[in-house]
Amino acid sequence: MNVFAVVALSDESLTSVKNAVTTAFADNYLEAGKMIWLVADSGTTVSVGKKLGVVPENPEVTSLLIVNFTSYYGRASSAIWEWIKTKLEAAVPK
């Protein structure tokens, strides 16, 4: 499974990005900060973006960044590290 960081890049986009994440990944996200969510998906950054509604015909979801990562480092709660570890080690659904 891949883990992606979805980052709202402005206060103005915060609500639309949060709504997109919690709708598209209702059972598969973790709010890591005020403007950052971690989502797990077997796809790519582009496919995650499409699930979030980042498409030309949807002007609601704007000003965000999606990053796929396999390596991580920093200081955060143990819940965040455990979530990342669990998702990265999870088998991709068939």
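Above this note sits the structure.
Residues numbered from 1 in each chain as written. Predicted model: local features only at pLDDT ≥ 70, side-chain atom pairs only at ≥ 80, totals over all residues. Heavy atoms only, no water.

**Notes on the overall build of the chain**
Operational definition: Numbering of helices and strands runs from the N terminus, with a helix taken as a DSSP run of H or I at least four residues long and a strand as a DSSP run of E at least two residues long. Using C-alpha atoms as the atom set, the radius of gyration is obtained and then compared with a globule rule of 2.2 Å times the number of residues to the power 0.38. Residue burial is assigned from relative accessible area. The probe radius is 1.4 Å, only protein chains are included, and a residue is buried under 20% of its type maximum, exposed over 50%, and partly exposed in between. In what follows, a contact means two residues having at least one pair of non-hydrogen atoms within 4.5 Å. Charge convention: Lys and Arg are scored as positive, Asp and Glu as negative, and His as well as the terminal groups of each chain are ignored. A charge is said to be at NZ when it belongs to Lys, at CZ for Arg, at CG for Asp and at CD for Glu.
Of the regular secondary structure elements, the chain holds three helices and four strands. Put simply, the chain runs from its N terminus to its C terminus through helices and strands in the order β-α-β-β-α-β-α. A compact globule built from 94 residues should have a C-alpha radius of gyration of about 12 Å, and the chain, at 13 Å, falls within 12% of that. Relative to its full complement of 94 residues, the chain shows a buried share of 38%. Put simply, 63% of the contacts in the chain that link residues at least 6 apart link residues at least 24 apart. With 8 positive and 9 negative side-chain charges, the chain shows a separation of 7 Å between the mean positions of the two kinds.

**Things to note about the side chain of S13**
What counts, and what does not: Between N or O atoms, a polar contact is any pair within 3.5 Å; within protein, one atom must be a potential hydrogen donor and the other a potential acceptor, and residues adjacent in sequence are included only when both atoms are from side chains.
Following the sequence through the fold, S13 ends up in the loop between β1 (2–8) and α1 (14–24). A distance of 3.1 Å separates a polar atom in the side chain of S13 from the backbone oxygen of S10. Apart from residues no more than four positions distant in its own chain, S13 is found in contact with A8, T62 and S63.

**Some words on the pattern of salt bridges**
For the record, the criterion: Salt bridge, as applied in this entry: a Lys or Arg side-chain nitrogen positioned within 4 Å of an Asp or Glu carboxyl oxygen.
Under the definition given, this model contains three salt bridges. A salt bridge links K34 to D11; the nearest nitrogen and oxygen atoms lie 3.9 Å apart. A residue pair is termed long-range when its members are at least 10 positions apart, and K34 in the loop between β2 (29–33) and β3 (36–41) and D11 in the loop between β1 and α1 qualify at 23 residues. By relative accessible area, which is 58% here, K34 ends up exposed. Looking at D11, the relative accessible area reads 52%, which means it is exposed.

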